[in-house]
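The lines below spell out each chain.
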Amino acid sequence: DMRNGTAITEFILLGFPGIHGLQVPVFTVILFIYILTLAGNGLIIVLVWAEPRLQTPMYFFLCNLSFLEIWYTTTVIPKLLETFVVARTAICTPCCLLQSFFHFFLGTAEFFILTSMSFDRYLAICRPLRYPAIMTSSLCLQLALSSWGVGFAIVFCQTILLIQLPFCGDNVINHFYCDIGPILKAACGDTSILELLGLLATVLVIPGSLLFTVISYASILSTILKIPSAPGRQKAFSTCASHLTVVSLFYGAVVFMYLRPTAHSSFKMNNVVSVLNTILTPLLNPFIYTIRNKEVKEALRKAMAFPKTPGHAE
């Protein structure tokens, strides 16, 4: 169906059409969350680079995660906020494809960053004597660049095929961002190759990285249980508790959205889970790592301490 030969020049984002009368309070809450997300993740980056004690592999990966979260939310939230103040939220077709690319590129990179953090925690707890020799600054940089590079390559290859398709179907997207499913439904050409590549990427990236993380934490748990003293076990577990919490939130939401049977899918439920994954998790990450981490809290207290003026010198 070519819709009378008319090509799509824009998509319409519905956002959350069922919240009539609540646009202003919801807009305010999401804007506040977005500002907190930028501030919290930005603060983590500043603290790590300003405090020499935090310049370790674990915090290097945390900086990458925070930087990624800033842009991950920025690709979606500004347009989401527009859906609350504009009756007809349109996004041009190239802009929609660009948003979709960055959303999935950054999301894919996050899987690999979290997996690298799992590997770092595995070495720190299970191979403590060899940890400094293995987890060098060079290896950290290679793991980080690989995470960004592989995530970019996976999504870029699919995007190149996507932008060559003509779009002339239904241009209404029942979501608050340009999800790949509705975009493919609006395509007039053959999308079977793209759908196959998307399925392969999803199956390889999500279960693959999750399996590696599960194996890492199984080894970590086994090592921790062998520690004879309770304080020693608690100290060892505390070094990976924050990362484990973030992994549980992130993978839980993603697995629910992408790996459950299609017959049980629901646009409303997908939107709710997408809010958790796209808005709330990036907000919670800085708090999770700060609340349970003495080193970060000490660096924060040090950064917030005002220098004494000469007149108040003791």
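Residues numbered from 1 in each chain as written. Predicted model: local features only at pLDDT ≥ 70, side-chain atom pairs only at ≥ 80, totals over all residues. Heavy atoms only, no water.

What about the overall build of the protein?
In step 1: Looking only at helices and strands, the protein features 11 helices and 3 strands.
In step 2: Listing the helices and strands of the protein from first to last along the sequence gives β-α-α-α-β-α-α-α-β-α-α-α-α-α.
In step 3: Classification of the 314 residues of the protein by burial places 44% in the buried group.
In step 4: A fraction of 80% describes how many contacts in the protein between residues 6 or more apart in sequence connect residues 24 or more apart.
In step 5: For the protein, the exposed area adds up to about 16,500 Å²; of that, 71% sits on carbon and sulfur atoms. (Helix = DSSP H or I, 4+ residues; strand = E, 2+ residues; numbered from the N terminus. Buried < 20%, exposed > 50% of the residue type's maximum accessible area, 1.4 Å probe, protein only. Contact = heavy atoms within 4.5 Å. Areas by Shrake-Rupley, 256 points an atom, 1.4 Å probe, with all protein chains shown as cover.)

Some points on helix 4 (residues 93–126)
In step 1: Given a rise of 1.5 Å per residue, 34 residues ought to cover 50 Å, and the 49 Å separating the end C-alpha atoms of helix 4 matches this to within 8%.
In step 2: In terms of burial, helix 4 is largely enclosed, as 26 of its 34 residues are buried. (Expected span 1.5 Å × (residues − 1).)

Let's talk about the nonpolar core
In step 1: Counting residues in each nonpolar core, the largest one holds 40 residues, and the members touching the most others are Tyr59, Leu65, Leu68, Phe111, Leu114 and Met117.
In step 2: Of all the secondary structure elements, the ones that give two or more residues to this core are helix 1 (23–50), helix 2 (57–74), helix 4, helix 6 (137–162), helix 8 (192–225), helix 9 (230–258), helix 10 (267–291) and helix 11 (294–304).
In step 3: It is helix 4 that contributes the most residues to this core, 10 residues altogether.
In step 4: Residues within four places of Phe111 in sequence aside, it is in contact with Val205, Ile206, Ser209, Phe250, Tyr251 and Val254.
In step 5: Of all hydrophobic cores here, the second largest spans 16 residues; its members include Ile8, Leu97, Ile173 and Leu194. (Core = buried A, V, L, I, M, F, W, Y, C linked by side-chain atoms within 4.5 Å.)

Overview of the sheet that holds strand 1 (residues 10–13)
In step 1: Taken in spatial order, the 3 strands make up an open sheet running 2-1-3, and their pairing is mixed. The sheet is open, and its two edges are formed by strand 2 (89–92) and strand 3 (172–173), each paired on a single side.
In step 2: Relative to strand 2, strand 1 runs antiparallel, the two sharing 4 bridges. When the sheet's bridge partners are listed, Glu10 is paired in strand 2 with Cys92.
In step 3: Contacting strand 1 and strand 2, helix 3 (residues 77–85) crosses the sheet at an angle of about 145° to strand 2. (Pairing = 2+ DSSP bridges. Axes fitted to C-alpha atoms, helices over the stretch in contact; angles between N-to-C directions.)

Notes on a positive patch on the surface
In step 1: Judged by side-chain charge, Lys235, Lys294, Lys297 and Arg301 come together as a positively charged surface patch.
In step 2: Here the element with the most residues in the positive patch is helix 11; it accounts for 3 residues.
In step 3: Summarising the element assignment, Lys297 is placed in helix 11. (Patch = residues over 30% accessible without salt bridge, like charges linked within 9 Å, V, L, I, M, F, W, Y side chains within 5 Å. Salt bridge = Lys/Arg side-chain N within 4 Å of Asp/Glu carboxyl O. Lys, Arg positive; Asp, Glu negative; His and termini not counted. Charge placed at Lys NZ, Arg CZ, Asp CG, Glu CD.)

Details of the state of the cysteines
In step 1: In the structure shown here, the tally under the stated rule is 3 disulfides.
In step 2: There is a disulfide in this structure between Cys92 and Cys95, and the S-S distance comes to 2.3 Å. Judged by the sign of its S-S torsion, about 70°, the bond between Cys92 and Cys95 is right-handed.
In step 3: Looking at Cys95, the relative accessible area reads 38%, which means it is partly exposed.
In step 4: Disulfide pairing is shown between Cys168 and Cys188; the S-S distance is 1.3 Å. (Disulfide = S-S within 2.5 Å.)

Re the UniProt feature "transmembrane region" (unreviewed entry) in the protein
In step 1: When the UniProt feature table is mapped onto this chain, "transmembrane region" (unreviewed entry) is found at residues 26–50, 59–81, 101–119, 139–163, 199–224, 236–259 and 271–291.
In step 2: Secondary structure across residues 26–50 comprises 100% helix and 0% strand; the distance between its end C-alpha atoms is 36 Å.
In step 3: For residues 199–224, the helix share is 100%, the strand share is 0%, and the end-to-end C-alpha distance is 37 Å. (UniProt positions renumbered as here; feature names shortened; annotations may be inferred.)

Structural notes on the pattern of salt bridges
In step 1: Scanning the model with the defined rule gives 3 salt bridges in all.
In step 2: Note that Glu51 is salt-bridged to Arg53, the shortest N-O span being 3.4 Å.
In step 3: One salt bridge connects Lys79 with Glu82, and the closest N-O pair in it is separated by 2.9 Å. Residue Lys79 and its partner Glu82 are located together in helix 3, separated by 3 residues, close to a single helical turn.
In step 4: Look at Lys79 and you get buried, because its relative accessible area is 18%.

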